[in-house]
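# Structural characterization, general
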Amino acid sequence: MKIIMSSIEKLYKWSRLNSLWPLTYATSCCGIEMMSVSASNYDIARFGSEVFRGSPRQADLLIVAGTLTLKMSPILLRLYEQMAEPKYVIAMGACACSGGMYRNSSYSVVKGVDTIIPVDIYLPMCPPKPESLIDALIKLRKKLNDKNPGGRFV
Amino acid sequence: MIKIREVDLFENLKRKFDIRIENCPRMFLDKGNELNSVQKDMKCIVKREYSAFDEHLTDDTELKCDTELNHIKPDIYLLRVKKEDIRQILRYLKNSEEYFFERLDCMVCCDRKKDLEIMYLLQSDKYNVKCGIRVEIDKKENQIATVSDIFSNANLEEREIYDLFGIKFINHPDLKRIFMPEDFVGHPLRKDFIIQRLN
């Protein structure tokens, strides 16, 4: 019985890692890089993440691409809460990681999305190159593979 | 050479209201160009101002400039008016046939520490003239009459100024925040607004 369960777990893990569907969420220039990742030159479909879903119910991965303003923050929180477990978050770009250049002098920008939602992978650049977003995705897959995070359906 | 003729555009307005003209546009015309009647009326062609503008101007360069600047170079009139007259003046400038400032380009607000200042930028499409009208607002009083019934796009501009500077517009139909969240405290573009720093 144990052997069967563990092999089923492996199957679940394999299928989950190869179908991390991101949510279509982009607020500024990082969104352009995210678009080019999904296009043919960089082709995120090689990792099974090419399906950008329009609904948070169908998405596994939230890529927070771009500056998060104060007025947008309750909407992001609501999107995150609407996503089904297991859900993962990549903070893409310097603004999403820490506030970036708005950190010290802005009245309207949230200083890092981790003040609102938990973040798995930080990807600080302004904006990150498409290769680095792929790198962040691979790192996330490694993290999930190593630690075996508890999903509800395992 | 160039015909020089100066017309005080706001002569009639000066008679009616208490205004002060702060800036007058410089316009240059090619000598080959004939002016139409409207341009002749609206003109202040100032070669003398232009020579004050550039000290090294000789006759030759002047001729060169004349041929290059064969279009009217628009600049802006700046008027300073009193706060009580602002609605009447804007309505007069919009409706009277000598100005036709039919379009409100934008409203600019500035915190000058001792007081606040709003500038209404008006555009006359018929005569191709721009005009900025400046109003000072006392910080204690902190309110001014709305012009959103005269220029309807002033509705959103006034909401923006209320959001960022906290100036109240009397009789505005829907005065609430437009950029910041509803529960935000303070008006962020004021000089005395303190930004919360994390480190």
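The structure reproduced in this document is the subject of the present report. Residue indices begin from 1 for each chain and proceed along its sequence in written order. The order in which chains are written sets their letters, starting at A; the order in which ligands are written sets their numbers, starting at 1. Given that the model is predicted, a residue must reach a pLDDT of at least 70 before its local features are reported, and side-chain atom pairs must reach 80 or more before they are shown or counted; all residues, however, enter totals for whole chains, interfaces and linings. Only hydrogens and water are set aside; all other atoms, that is, all heavy atoms of the structure, feed into the side-chain values.

## A short note on the overall build of chain B
Think of it this way: any DSSP run of H or I at least four residues long counts as a helix, any run of E at least two long counts as a strand, and we number them from the N terminus. Scanning chain B from N- to C-terminus turns up six helices and seven strands. The order of helices and strands in chain B, counted from the N terminus, is α-β-α-α-α-β-α-β-β-β-β-α-β. Residue contacts are defined here by distance: any two heavy atoms, one from each residue, within 4.5 Å place the two residues in contact. In chain B, the proportion of contacts linking residues at least 24 apart, taken out of those at least 6 apart, comes to 61%. The Shrake-Rupley method, run with a 1.4 Å probe, gives the accessible areas here. Residue values count only the displayed protein chains as cover. Total accessible area computed for chain B in this model is approximately 11,700 Å², and 47% of it derives from carbon and sulfur atoms.

## Let's talk about the packing of aromatic side chains
Between the rings of Phe, Tyr and Trp (Trp by its six-membered ring), a pair exists once the centres lie within 6.5 Å; its type follows the angle of the planes, with under 30 degrees stacked, over 60 edge-to-face, and the other angles tilted. Tallied over the entire structure, the rule returns two aromatic pairs over all chains. Two thresholds decide whether a charge sits over a ring: the Lys NZ or Arg CZ must be within 6 Å of the ring centre and within 35 degrees of the ring normal. The ring of B:F151 carries B:K94 above its face, with NZ or CZ at 5.2 Å from the centroid.

## Notes on the pattern of salt bridges
Whenever Lys or Arg places a side-chain nitrogen within 4 Å of a carboxyl oxygen from Asp or Glu, that contact is recorded as a salt bridge. Using the criterion set out here, one finds 16 salt bridges over all chains in the structure. Two residues, A:D120 and A:K143, come together in a salt bridge whose shortest N-O distance is 3.9 Å. Of this pair, A:D120 sits in the loop between α4 (94–98) and β3 (121–123) while A:K143 sits in helix α5 (residues 130–147), placing them 23 residues apart in sequence. Note on A:K143: relative accessible area 28%, which makes it partly exposed. In this structure, B:R80 and B:E117 form a salt bridge, with 3.2 Å as the shortest nitrogen-oxygen distance. Of this pair, B:R80 sits in strand β2 (residues 76–81) while B:E117 sits in strand β4 (residues 115–124), and the two are 37 residues apart along the sequence. Each residue is assigned to one of three classes by its accessible area relative to the maximum for its type, calculated with a 1.4 Å probe on protein chains only: buried under 20%, partly exposed between the two thresholds, exposed over 50%. We classify B:E117 as buried; its relative accessible area is 8%.

## Details of the pairing of β4(B)
Residue and element names in this part refer to chain B. Taken across its 10 residues, β4 has 10 buried, putting it largely inside the fold. Being paired, for any two strands, means DSSP has found at least two bridges between them. Counting the residues in the hairpin turn of strand β3 (residues 103–111) and β4 gives three residues, including K113, whose phi is positive at 70°. Taken together, the 10 bridges between β4 and strand β5 (residues 129–138) define a ladder with antiparallel strand orientation. From the neighbouring strand, M119 faces β5, where its bridge partner is R134. Connecting β4 to the next strand, β5, in antiparallel fashion are four residues, including N128 with a positive phi near 55°.

## Details of the nonpolar core
Only buried residues count toward a nonpolar core, which is a set of Ala, Val, Leu, Ile, Met, Phe, Trp, Tyr and Cys residues joined through side-chain atoms within 4.5 Å. Core analysis: the biggest nonpolar cluster contains 38 residues, and B:F10, B:L13, B:Y120, B:I133 and B:I167 have the highest contact counts within it. Those elements giving two or more residues to this core turn out to be β2, α5 (86–95), β3, β4, β5 and α6 (154–165) of chain B. In contact with B:F10, not counting residues within four places along its chain, are B:I19, B:I21, B:Y77, B:L79, B:L93, B:Y99, B:F101 and B:C131. A:M34, A:L61, A:Y88 and A:I121 belong to the second-largest nonpolar core, a separate cluster that totals 21 residues.

## What about the sheet that holds β3(A)?
Residue and element names in this part refer to chain A. Across the sheet, which stays open at both edges, the three strands sit in the order β1-β2-β3 with parallel pairing between neighbours. The sheet is open, and its two borders are formed by β1 (61–65) and β3, each paired with just one other strand. Across the sheet, the axes of successive neighbouring strands diverge by a mean angle of 15°, strand direction being ignored. Across three bridges, the pairing between strand β2 (residues 88–92) and β3 is parallel. Across the sheet, I90 pairs through a bridge with I121, a residue of β3. Whenever a helix is involved, its axis is fitted only over the stretch in contact; in every case the axis is a line through C-alpha atoms, and angles between N-to-C directions fall within 0 to 180 degrees.

## Some words on a nonpolar patch on the surface
Residues enter patches when they are more than 30% accessible in relative terms and free of salt bridges; like-charged ones are connected within 9 Å and nonpolar ones (Val, Leu, Ile, Met, Phe, Trp, Tyr) within 5 Å. On the surface, a nonpolar cluster with roughly 510 Å² of combined accessible area is contributed by A:M1, A:I4, A:M5, A:I8 and A:Y12. For A:I4, the position within the fold is in helix α1 (residues 2–17).

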